[in-house]
Amino acid sequence: MPDARKFLSADERLKRLLRDRKVLRRERMIRKAAGPVWHRLVRVVPLSFQNEGRLVARVLLASREAVIEALRPDAVFAVDTAMRLAHGVGFLANPEVHAYLAGVEPLGRLAATGLISAEDHADSTLVRPWPGPARLLACLVDELPPSRVVQGGYRVVTGERLGRELVGTVGPRADLFVLYEKIEGIGTGS
């Protein structure tokens, strides 16, 4: 069987080398600029919200606030929704609701009351760089994750888990990690 790889010319190899060095310089600059924050950030074990259970996406047919209120007794809110409920600010620009649910019954109830669509939405991408309808992203799990109750009686993930979800959702973003640390009141000692 012939080798299907294309051999690169010296110019192509040099071009790739220069491109890779440029990427490496940028990554080093980011680590250096972030300093101690970067070192704290890379010690966080990322947690992938969408891989904790079965992810279901439904289009919101009512306001985000109405859906959150309807889910209050059943859900533990996660990712950006937890940050907004606990602190009034989020780290994502999208108007979506992220929640853990222990079963599908709340989805059926919300669909019956006209708050969300009855059918699953095909796009279950957690952070979309393109426009689209506001969605409820529900992670169906066997057991709800550890939570805390915040103002208004909403259950949100613990502060430590929120940091892990942040890193698992957006990657090693030092700017957002600093926002999370500041808002959660986490000490900055190394």
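What you are looking at is a predicted structure, and each value in this text was computed from that prediction instead of being measured.

Peer 1: Go over the pattern of salt bridges with me, naming the residues and quoting the values.
Peer 2: One pass over the structure, following the stated rule, counts 15 salt bridges. Across the salt bridge formed by Glu52 and Arg161, the nearest N and O atoms sit 3.1 Å from each other. Taken together, the residues Glu52 in the loop between helix H2 (36-42) and strand S1 (54-59) and Arg161 in helix H6 (residues 159-170) connect sequence positions 109 residues apart. Given the relative accessible area of 10%, Arg161 is considered buried. The shortest N-O distance in the salt bridge between Glu69 and Arg72 comes to 2.2 Å. Look at Arg72 and you get partly exposed, because its relative accessible area is 25%. A single network of salt bridges, built from pairs that share partners, joins Glu96, Asp123, Arg128 and Arg135.

Peer 1: Quick one: what's the story with the pairing of strand S3 (residues 97-101), residue by residue and with numbers?
Peer 2: Within S3, five of the five residues are buried, which leaves it mostly tucked inside the rest of the structure. Here strand S2 (residues 76-77) runs beside S3; their pairing, made up of two bridges, is antiparallel. For Val76, the partnering residue across the bridge sits in S3 and is Tyr100. One ladder, built from five bridges, connects S3 with strand S4 (residues 135-140); its direction is parallel. Each residue of the ladder has a partner; that of Tyr100, found in S4, is Cys139. In this fold, the crossover linking S3 to S4 by way of helix H5 (residues 105-112) has right-handed handedness.

Analysis parameters
- Every chain is numbered on its own, with residues counted from 1 as its sequence reads.
- Restriction of local features to residues with pLDDT of at least 70 applies here, the model being predicted, together with a cutoff of 80 or more for giving and counting side-chain atom pairs; totals for whole chains, interfaces and linings are based on all residues.
- Side-chain numbers here rest on the full set of heavy atoms in the structure, without hydrogens or water.
- Each reported salt bridge corresponds to a side-chain nitrogen of Lys or Arg within 4 Å of a carboxyl oxygen of Asp or Glu.
- Helical segments are the DSSP runs of H or I of at least four residues, strand segments are the runs of E of at least two, and each set is numbered from the N terminus.
- A 1.4 Å probe rolled over the protein chains alone gives each residue an accessible area, and that area as a share of the maximum for its type sets the label: buried under 20%, exposed over 50%, partly exposed in between.
- Here the rule is simple: two strands pair whenever DSSP picks up at least two bridges between them.
- Crossover handedness is defined by viewing with both strands directed away from the observer: a clockwise path from the first strand over the helix to the second marks the crossover as right-handed.

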